Amino acid sequence: MDTWLLGREDLVLNLCLHLAHHGSHAPQFWMAELDLVIRKGQEELGWPTLLATARQAGVERLVAAVLERAQQRFATPLPAD
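Calculation rules
- Residues numbered from 1 in each chain as written.
- Predicted model: local features only at pLDDT ≥ 70, side-chain atom pairs only at ≥ 80, totals over all residues.
- Heavy atoms only, no water.
- Helix = DSSP H or I, 4+ residues; strand = E, 2+ residues; numbered from the N terminus.
- Rg over C-alpha atoms; globule rule 2.2 N^0.38 Å.
- Buried < 20%, exposed > 50% of the residue type's maximum accessible area, 1.4 Å probe, protein only.
- Contact = heavy atoms within 4.5 Å.
- Areas by Shrake-Rupley, 256 points an atom, 1.4 Å probe, with all protein chains shown as cover.
- Lys, Arg positive; Asp, Glu negative; His and termini not counted.
- Charge placed at Lys NZ, Arg CZ, Asp CG, Glu CD.
- Expected span 1.5 Å × (residues − 1).
- Arc of directions from axis to C-beta.
- Axes fitted to C-alpha atoms, helices over the stretch in contact; angles between N-to-C directions.
- Parallel < 35°, antiparallel > 145°, perpendicular 65-115°, else oblique.
- Left-handed = near helix turned anticlockwise from the far one by under 90°.
- Nonpolar A, V, L, I, M, F, W, Y, C, P; charged D, E, K, R; others polar.

Enquirer: Would you explain the overall build of the protein in this entry?
Expert: Scanning the protein from terminus to terminus reveals four helices and zero strands. Taken over C-alpha atoms, the radius of gyration comes to 12 Å for the protein, in line with the 12 Å a tight globule of 81 residues would show. In terms of overall dimensions, the protein has C-alpha extents of about 35 × 30 × 25 Å along its principal axes. Here the protein, with 81 residues, has 31% of them falling under the buried criterion. Once local pairs closer than 6 in sequence are excluded, the contacts in the protein between residues at least 24 apart make up 72%. For the protein, the accessible surface area stands at approximately 5,800 Å², while carbon and sulfur atoms represent 53% of it. Of the side-chain charges in the protein, 7 are positive and 10 negative, and the distance between the mean point of each set is 7 Å.

This is the structure in structure tokens:
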């Protein structure tokens, strides 16, 4: 059976926006899931693509804030820039 899946960049973006929307009321395991998706896909994750999509949608600051929280809580590996 054919199925449609989000690409890794879109999945990270979706998780970030979901966490941003729910703010401090988001369950901790959602942030842990974001960390896991990033860790498991470090080699394949296209950060420039993710950034371009976030910029185009006007949500880059929301995404950056969530990624910063993930890095603080879980030491999520993120690119330096």
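Enquirer: Just to check I follow, could you spell out helix α4 (residues 60-74) for this structure?
Expert: Note: α-helices contain 3.6 residues per turn, so residues at a spacing of three or four share the same orientation. The end-to-end C-alpha separation of α4 is 21 Å, in line with the 21 Å expected for 15 residues at 1.5 Å each. Buried within α4 we find Val 63, Val 66, Leu 67 and Ala 70. In a view along the axis of α4, the buried residues occupy a sector of 100°, so they form one face of it. In α4, the exposed positions angled more than 90 degrees off the buried face are occupied by Arg 61 and Gln 72. Along its buried surface, α4 packs onto α1 (8-22), α2 (28-40) and α3 (47-57). Remark: Ala 75 follows α4 within two positions and exhibits a positive phi of approximately 55°.

Enquirer: Quick question: what am I supposed to make of the packing of α1 against α2 here?
Expert: Two measures define how a pair of helices packs: the angle their axes make with one another and the distance between the axes. Interaxial distance between α1 and α2 falls to 10 Å at its minimum, and their mutual angle equals 160°. As far as their axial angle goes, α2 and α1 are roughly antiparallel. For the element pair α1 and α2, the recorded crossing hand is left-handed. Residues Arg 8, Leu 11, Val 12, Leu 15, Cys 16, His 18, Leu 19 and His 22 of α1 pack against Trp 30, Met 31, Glu 33, Leu 34, Val 37, Ile 38 and Lys 40 of α2. Its residues assigned to classes, the contact of α1 with α2 comprises 10 nonpolar, two polar and three charged.

Enquirer: I'm lost on the environment of Pro 77 in this one. Help?
Expert: Tracing the sequence through the fold places Pro 77 in the segment after α4. Residue class for Pro 77 comes out partly exposed when judged on its relative accessible area of 23%. For the pair Pro 77 and Leu 67, spaced 10 residues apart in sequence, the C-alpha separation works out to 9.5 Å. Setting aside its immediate chain neighbours within four residues, Pro 77 contacts Asp 35, Ile 38, Arg 39, Gln 42 and Trp 47.

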